[in-house]
Amino acid sequence: MKKIILLVAITATVFASCIGEKKEKTAIKEAVVVPVNATDLNNVDTTVSILNWKGSKPTGSHNGTVALKSGGLLIENGILTQGTFVVNMNTITNTDMAGTNGAAKIEGHLKASDFFDVAVAPTAKFVITSVVDTEGKLAVTGNLTIKNTTKSITIPATIATVEGITTFKSETFTIDRTDFGVVYASKKLDAALKDKFINDLMEMSFSVVTKA
């Protein structure tokens, strides 16, 4: 009887730990060659297209947006086949503390050399390399470049065209910033930080709209 009770307790503990796990980062692979430069289309409306971001640490989290500098979406026979989003890293904005000195401090640090180093890497980029459509849900594979490091990732997304305007929206995906050389306050690299670290995993999502 004691063995049965022990087995039930162990099973319950394992199950509880599984459902409590955090969302894993988006898998990355080496970048692939892209035959078409969709940026040449220049049909993305940069006034409304953004990259959303969220970062966290033990004491809380911050979120914000980054504007697109340029981009293009290639739609053939109603199907997304290519796309490029160039992100202007100089426009990093913190929105949860908007209008405060705290927001300005966060924005300045994210742009600094020990984080995204926008003086050296003023843009980030996502270049679509393949799209798989399963009942309207897209699995979009592309080369993501941050801080001049490029990796291939696959993200879930949807796309819709209304009155000639196409809207591409990705679901939230998670990257490990250290994969792209952003290592400031990473506990993975400096265990001495204890609870003073910044989580390596960052959440992102795209909202890209074409011009009318």
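Here the structure is a predicted model, which is why all the values come from computation and not from measurement.

**Q** Please set out the confidence of the model for the protein residue by residue, giving values where relevant.
**A** Atomic detail in the predicted coordinates should be set aside for any region of low pLDDT. Per-residue pLDDT for the protein has a mean of 89; in total, 86% of the residues score no lower than 70. pLDDT under 50 marks residues 1–22. Its contacts with residues more than four places away, or in other chains, come to zero contacts.

**Q** So what's going on with the environment of Pro 122? Which residues, and what values?
**A** Residue position: Pro 122 is located in the loop between helix H2 (101–111) and strand E6 (123–134). In this structure Pro 122 comes out as partly exposed when scored by relative accessible area, which is 36%. Distance from Pro 122 to Asn 90, taken between C-alpha atoms, is 6.3 Å for residues 32 residues apart in sequence. Residue contacts for Pro 122: discarding those within four places in its chain leaves Val 87, Asn 88, Met 89 and Asn 90.

**Q** A description of the side chain of Asp 200 should follow, citing residues and the corresponding values.
**A** Assignment of secondary structure puts Asp 200 in the loop between strand E10 (173–176) and strand E11 (201–209). A polar side-chain atom of Asp 200 sits 2.8 Å from a polar atom in the side chain of Ser 186. When neighbours within four sequence positions are excluded, Asp 200 is seen to be in contact with Ile 175, Asp 176, Arg 177, Thr 178, Ser 186, Lys 187 and Lys 188.

Calculation rules
- Residues numbered from 1 in each chain as written.
- Predicted model: local features only at pLDDT ≥ 70, side-chain atom pairs only at ≥ 80, totals over all residues.
- Heavy atoms only, no water.
- pLDDT = per-residue confidence, 0-100.
- Contact = heavy atoms within 4.5 Å.
- Helix = DSSP H or I, 4+ residues; strand = E, 2+ residues; numbered from the N terminus.
- Buried < 20%, exposed > 50% of the residue type's maximum accessible area, 1.4 Å probe, protein only.
- Polar contact = N/O pair within 3.5 Å; in protein donor to acceptor, adjacent residues only side chain to side chain.

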